[in-house]
Amino acid sequence: MEKDKTSGSSYSRRTFLKQGAIMGAGAVVAVHTVPALAGTLSAPVMTHPEGHVPAILGGRPVKSGSWPSWPIWNPETDEQRVIDVLRSGVWSRAHLVEEFEEKWAATLGVKRCLTVVNGTNALIASLVQLGIGGGDEVIVPPYTFIATVIAVLATGAMPVFVDTDPETYQIDVRKIEAKITPRTRAILPVHILGLPADMTNILKIARRHNLAVVEDACQAWLAEIDGKKAGTFGDAGCFSFQNSKNLPIGEGGAIVSDDDGFMDRCHSYHSYGMPYGTLVGAVGAGTVMAGTKLRLTEYQAAIGLAQLARLEEQTDLRNKNAAYLKQLILDIPGIVPYKLYEKVTRAAFHLFPFRYRSAEFNDLPRETFLKALSAEGVPCLSGYTPLNNQPYLGHAFQTKNFQKMYSPESLDIAAYLERNECPENDRLCQEMVWIPQNVLLGSRNDMELVAHAIEKIRKNADRIRKNGN
Ligand SMILES: *Cc1c(COP(=O)(O)O)cnc(C)c1O
């Protein structure tokens, strides 16, 4: 868990735990308890006497109702399948898991899909089955959820960090080639926040240097570049269905690819190494590889099928609302919204991100801005802290396996940290503000309220700051 750093909102760690969501994305969704007012204007804000007073100073919040809650569960359409599974006694992987895999592959326009227990293990399995392990280097971005990087470490490979493009928040393709060494085996781009990475150029670099590409699409369900789905560009695409994700099952993940041999190996690996398909041997020949156990259950698939049925419509709504909100806040000084690469035709918007420049808010610190925005009824977060200098790296280097696989020079942590500095990313982490995806499931009017809340805080930034918040 990685919670407390994403502070600045009105909910406590206990609320977070109560909501039961181990946030894969670090995206805590602040669900307000006031029921049933979603989409209603709290008041004609500008005309009320206290409408100008920021909520953090005792004024009326811009948004008084609740936001769409997450995850969504509709008993009428969703429950029968789950009940049928429970009553059937067939709980381990069977036909519903296969149905979910077929539907997810078809939705993405990819040949094969294999579900696994979570996104982290989708990444580990993909890397291992592409032959990546001890002594290898894998290129990763520092602006991501921790799972991306610990997946690399779990294989025994060494993560190599490439700085972030501060406009798009994705791995900066202009800086990848400088980090390639004779040990580099793969690039692991992340479509972070659900905004697609620059796959066109990443694939060019990978081809030039004969590197594998594993896409971390764990926040990028249905995102597209030139009409082609995120996760279908590389040798493997990995997805997460954790509770907070846009396609939530509670826990779950998937690997997708067009490569039958690779997918057969992943299937075998995810089920103890038992034979699967043509590549790994014939049934009855005994266990063919040193695998593990990563299988999804039937009731998870039943939940997934229910969620999948609404993903397309929700994604559409998130895209429409994000574009509208972006346009509304684009000209507010000190607010710099995300940029999409030119060829992006759709984003997943797991989060709605923008950079906050305190200099243009009378030096109101970001933490106070987040508190003030939260007080206005708008859930918000400060997002990730840099992953290229945290204690887990030194810990990995101390493990028995790393000590045996690498030279003492490679495991010199001070030199490693210096080689892996990412100054643009450090700055980005200081400036970032996230609004969680469920806000984008609100109405068009809700987007106006969010923009209004930001403008209200800016107008009153001096007062808020002097008030000592
Ligand atoms: C959620 C997430 C993962 C890991 O998925 P889990 O299902 O939580 O294991 C990996 N990468 C990114 C970017 C994620 O957001």
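Quick caveat, the model's predicted, so the values are computed rather than measured.

Enquirer: Please set out the packing of aromatic side chains residue by residue, giving values where relevant.
Expert: Inspection of every chain in the model, using the stated rule, returns 15 aromatic pairs. Ring plane angle 90° and centroid distance 5.5 Å describe the contact between Tyr338 and Phe352, whose orientation is recorded as edge-to-face. Of the two residues, Tyr338 sits in the loop between strand E10 (335–337) and strand E11 (344–346) while Phe352 sits in strand E12 (residues 351–356), which places them 14 residues apart along the sequence. Of the two residues examined, Tyr338 and Phe352, each falls in the buried class.

Enquirer: Would you mind going over helix H4 (residues 119–129) in detail, with residue names and values included?
Expert: With respect to burial, H4 is a largely interior element, eight of its eleven residues being buried. Within H4 the residues assigned to the buried category are Gly119, Ala122, Leu123, Ile124, Ala125, Ser126, Leu127 and Gln129. The secondary structure elements touched by the buried residues of H4 are strand E1 (112–116), helix H5 (146–154), strand E5 (212–216), strand E8 (236–240), strand E9 (253–257) and helix H7 (260–269). The N-capping residue of H4, defined by a side-chain oxygen 3.3 Å from the backbone nitrogen of Thr120, is Asn118. After H4 finishes, the residue Gly131 shows a positive phi value of roughly 85°.

Enquirer: Just give me the short version of the side chain of Asp172, but keep the residues and values in it.
Expert: Mapped onto the secondary structure, Asp172 falls in the loop between strand E3 (158–161) and strand E4 (184–187). You can call Asp172 buried: its relative accessible area is 3%. There is a polar contact of 2.8 Å between the side chain of Asp172 and the side chain of Arg174. When sequence neighbours within four positions are dropped, the list of residues in contact with Asp172 reads Val162, Asp163, Thr164 and Asp165.

Enquirer: Can you break down the pairing of E9 residue by residue, with the values?
Expert: For E9, the tally of buried residues reaches five of five residues, placing the bulk of the element in the interior. Both faces of E9 are covered, namely the face carrying Gly253, Ile255 and Ser257 and the face carrying Ala254 and Val256. Two elements, E1 and E9, share five bridges in a ladder whose sense is antiparallel. Residue pairing across strands places Leu114 opposite Ile255, the latter belonging to E9.

Enquirer: Provide a residue-level description of the pattern of salt bridges, including the pertinent values.
Expert: Tallied over the entire structure, the rule returns 23 salt bridges. Put simply, Lys229 and Glu224 hold a salt bridge, and the shortest N to O gap is 3.0 Å. Of the two residues, Lys229 and Glu224, neither departs from the other in class, the shared state being buried. Among the charged side chains, a network of salt bridges with common partners joins Lys111, Arg112, Asp260 and Asp264.

Enquirer: Describe the site of the ligand, naming the residues involved and giving the relevant values.
Expert: Around the ligand, the structure places 17 residues, and the nearest of them are Thr120, Asp216, Gln219, Ser240 and Lys245. Contacts to the ligand include Asp216, whose side-chain N or O atom sits 2.7 Å from a nitrogen atom. Notes on the ligand: free accessible area 370 Å², of which the protein chains cover 96%. Of all the secondary-structure elements, those providing two or more residues to the shell around the ligand are H4 and H5. Looking at the shell around the ligand residue by residue, the classes come out as five nonpolar, ten polar and two charged.

Enquirer: If you had to explain unusual backbone geometry to someone new, which residues and values would you point to?
Expert: Of the consecutive residues Trp70 and Pro71, the connecting peptide bond is found in the cis state with omega at 0°. Within the fold, Pro71 resides in the loop between helix H1 (13–18) and helix H2 (75–88). Its identity is not glycine, yet Asp363 carries a phi of approximately 65°, on the positive side. Of note, Asp363 is situated in the loop between E12 and helix H9 (366–375).

Definitions and limits used
Residues numbered from 1 in each chain as written. Predicted model: local features only at pLDDT ≥ 70, side-chain atom pairs only at ≥ 80, totals over all residues. Heavy atoms only, no water. Phe/Tyr/Trp six-rings, centres within 6.5 Å; stacked < 30°, edge-to-face > 60°. Helix = DSSP H or I, 4+ residues; strand = E, 2+ residues; numbered from the N terminus. Buried < 20%, exposed > 50% of the residue type's maximum accessible area, 1.4 Å probe, protein only. Contact = heavy atoms within 4.5 Å. Polar contact = N/O pair within 3.5 Å; in protein donor to acceptor, adjacent residues only side chain to side chain. Pairing = 2+ DSSP bridges. Salt bridge = Lys/Arg side-chain N within 4 Å of Asp/Glu carboxyl O. Near = heavy atom within 4 Å. Areas by Shrake-Rupley, 256 points an atom, 1.4 Å probe, with all protein chains shown as cover. Nonpolar A, V, L, I, M, F, W, Y, C, P; charged D, E, K, R; others polar.

Read these as spatial facts, not as claims about activity.
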